[in-house]
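# Overview (structure and organization)
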Amino acid sequence: MNSRRRLLAAIAAVAFVATLAYLHDPPWIGGVTSGLRPWEEDPPGTLFRWTAGRASFYVPATASSLIVPMRSVFPGPGGSPVQVQVRDNGKLLGTVELSSPDAWARPSFQLQRSAGSRRFRRIDLRVSRVMPPFSLGVMTGEVVVR
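Quick look at the structure, then. (Residues numbered from 1 in each chain as written. Predicted model: local features only at pLDDT ≥ 70, side-chain atom pairs only at ≥ 80, totals over all residues. Heavy atoms only, no water.)

On to the nonpolar core, then. Counting 19 residues, the largest nonpolar core has Met70, Val84, Val86, Leu98 and Leu125 as the members making the most contacts within it. Elements with a minimum of two residues in this core: β3 (47-60), β6 (82-88), β7 (91-98) and β9 (120-127). Not counting the four nearest positions on each side in its chain, Val84 is found in contact with Met70, Gly94, Thr95, Val96, Leu98, Leu125, Arg126, Val127 and Val138. Formed by five residues, the second largest nonpolar core is a distinct cluster that contains Phe48, Trp50, Leu136 and Met139. (Core = buried A, V, L, I, M, F, W, Y, C linked by side-chain atoms within 4.5 Å. Buried < 20%, exposed > 50% of the residue type's maximum accessible area, 1.4 Å probe, protein only. Helix = DSSP H or I, 4+ residues; strand = E, 2+ residues; numbered from the N terminus. Contact = heavy atoms within 4.5 Å.)

Another point: the sheet that holds strand β4 (residues 65-67). Here three strands make up an open sheet; going across it, the order is β8-β4-β11 and the pairing antiparallel. The open sheet is flanked by β8 (108-110) and β11 (144-145), the only strands paired with a single partner. Of the strand pairs in this sheet, β4 and β8 are connected by three bridges, and their pairing is antiparallel. Paired with Ser65 across the two strands is Gln110, which belongs to β8. (Pairing = 2+ DSSP bridges.)

In structure tokens form, the structure reads like this:
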């Protein structure tokens, strides 16, 4: 009976390690987003998603650059520009100032070569203000990844 318990413990340990390895770099993470509402289409036919105050999405780790179309629609307090910080796995890539609510900005960001072995990297957007009651941040268009 003692050897049976050891065998079950060994099987459980292997399953636990395999699960951790799988969750460290899951293949489905590329489709995961956070802080982004469902896709919508504006009258000219542009696809966009509203962000909350913070939003995240994943791009392939092999990406060397990305273009993140953004539009503020609602100005900041007192008519000031809305600022959006763009981060790559927590590292600041840049801050975009959206000063014209009617215009799309298409900032481009160069990405450093990924040091790890993961398949995807997390891109975070941090918006300087949100609009109640739905906590709308900015409109984001289809991200171009190269």
